Amino acid sequence: MLSLSLSSHYLLWSLNRAKVVFVCVYREKMASSTLDVSRAELALVVMYLNKAEARDKLCRAIQYGSKFLSGGQPGTAQNVDKSTSLARKVFRLFKFVNDLHGLISHVPKGTPLPLVLLGKSKNALLSTFLFLDQIVWLGRSGIYKNKERAELLGRISLFCWMGSSVCTTLVELGEIGRLSSSMKKIEKGLTNGNKYQDEEYRAKLKKSNERSLALIKSAMDIVVAAGLLQLSPEKITPRVTGAFGFITSIISCYQLLPTRPKIKEL
């Protein structure tokens with residue numbers, strides 16, 4: 001009886017000891033997992049802020065947010081709008097080379113000719129806008145002394161940007177139509193009836209959603225360009241321009257977000 005009692009006590013002690021060890025190990029793993037997640041999230045933030053394009057879009061959000069708050073009236077918000085606008089031009093130095101490269105690059109096979117021409121027109125107009133924008137920066141910073149010509153080139157550059165936004169809108173509409181057509185073909189070929197379980201269909205759907213967001217952004221940018229050019233000052237006021245510009249800036253920031261790495265589960 002005594003040996004049986006000792007065996008029972010030893011068994012209970014062993015179980016309690018194992019439980020304590022398991023809890024300690026589990027807590028250590030949870031803490032390690034939380035630390036890994038924090039490191040991964042911080043690495044994403046660092047990766048995001050290291051992009052010149054991301055910093056430019058964040059400054060753009062500040063610029064148009066200030067324009068919305070000022071409503072075109074003198075004050076602190078308008079000063080922030082103007083200073084941020086000038087600062088952003090530094091981020092875009094020599095950026096016209098990107099679209100110049102896109103202009104001479106090959107297009108994917110099977111792309112309809114109208115979409116090819118619209119895409120190349122967009123590259124040409126955007127490259128021209130970015131090139132002329134550097135002259136505007138030189139004028140506003142006092143390096144280029146001919147202010148009248150700098151202002152004229154600035155206005156021409158805005159027309160180029162508006163034209164590139166129109167081309168982008170038409171390209172996105174065409175690409176969304178092509179994706180919709182291919183998705184319908186996939187639906188007809190499915191046998192199980194659940195289209196969302198098909199990998200190809202999900203990939204097409206993801207691309208369609210991305211292009212729909214790009215379509216909204218480019219269409220709103222047309223309004224922003226018209227506001228900056230004061231083509232319809234009664235309807236597109238500085239506050240409207242600021243609101244649309246702020247929304248498109250947030251969309252651009254979202255589009256530049258890096259992909260989250262997968263964290264190993266316990």
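The written sequence of each chain sets the order in which its residues are numbered from 1. Owing to the predicted nature of the model, reporting of local features is limited to residues with pLDDT of at least 70; listing and counting of side-chain atom pairs is limited to 80 or more, with chain, interface and lining totals taken over all residues. The basis for every side-chain value is the complete set of non-hydrogen atoms in the structure, without hydrogens or water.

**What to know about a nonpolar patch on the surface**
Every patch collects residues that have over 30% relative accessible area and no salt bridge, joining them within 9 Å if they carry like charges and within 5 Å if they are nonpolar side chains (Val, Leu, Ile, Met, Phe, Trp, Tyr). We get accessible surface area from the Shrake-Rupley algorithm with a probe of 1.4 Å; when it comes to residues, only the shown protein chains can shield them. Salt bridge, as used here, is a side-chain nitrogen of Lys or Arg placed within 4 Å of a carboxyl oxygen of Asp or Glu. Together, L42, V45, V46, L49 and L58 give the surface a local cluster of nonpolar side chains, amounting to about 410 Å² of exposed area. Strands here are runs of E lasting at least two residues and helices are runs of H or I lasting at least four, both read from the DSSP assignment and numbered beginning at the N terminus. In terms of residue count, helix 1 (residues 2-49) provides more of the nonpolar patch than any other element does, 4 residues in total. Within the secondary structure layout, L58 lies in helix 2 (residues 52-70). Among the residues examined, L58 registers a relative accessible area of 33% and is labelled partly exposed. Residue exposure (1.4 Å probe, protein chains only): buried if accessible area is under 20% of the type maximum, exposed if over 50%, otherwise partly exposed.

**A few points about the confidence of the model for the protein**
As a per-residue measure, pLDDT reflects the predictor's confidence and takes values from 0 up to 100. Per-chain confidence: the protein averages 83 in pLDDT, with 83% of residues scoring 70 or above. Per-element confidence in the protein ranges from a low mean pLDDT of 59 for helix 1 to a high of 94 for helix 8 (residues 238-255).

**Regarding the side chain of S164**
When you line up the elements, S164 lands in helix 6 (residues 147-189). Overall, S164 belongs to the buried group, its relative accessible area being 3%. A contact between two residues is defined here by any heavy atoms of the two lying within 4.5 Å. Apart from residues no more than four positions distant in its own chain, S164 is found in contact with K122, L125 and L126.

**Brief notes about the nonpolar core**
In terms of nonpolar packing, the biggest core is built from 13 residues, with F129, W161 and M162 touching the most fellow members. Among the elements of the structure, helix 5 (113-140), helix 6 and helix 7 (199-229) are those that each provide at least two residues to this core. For W161, the residues in contact, after removing those within four places along its chain, are R60, L126, F129, D221, V224, A225 and L228. Remark: nonpolar core denotes a set of buried residues (Ala, Val, Leu, Ile, Met, Phe, Trp, Tyr, Cys) joined through side-chain atoms within 4.5 Å.

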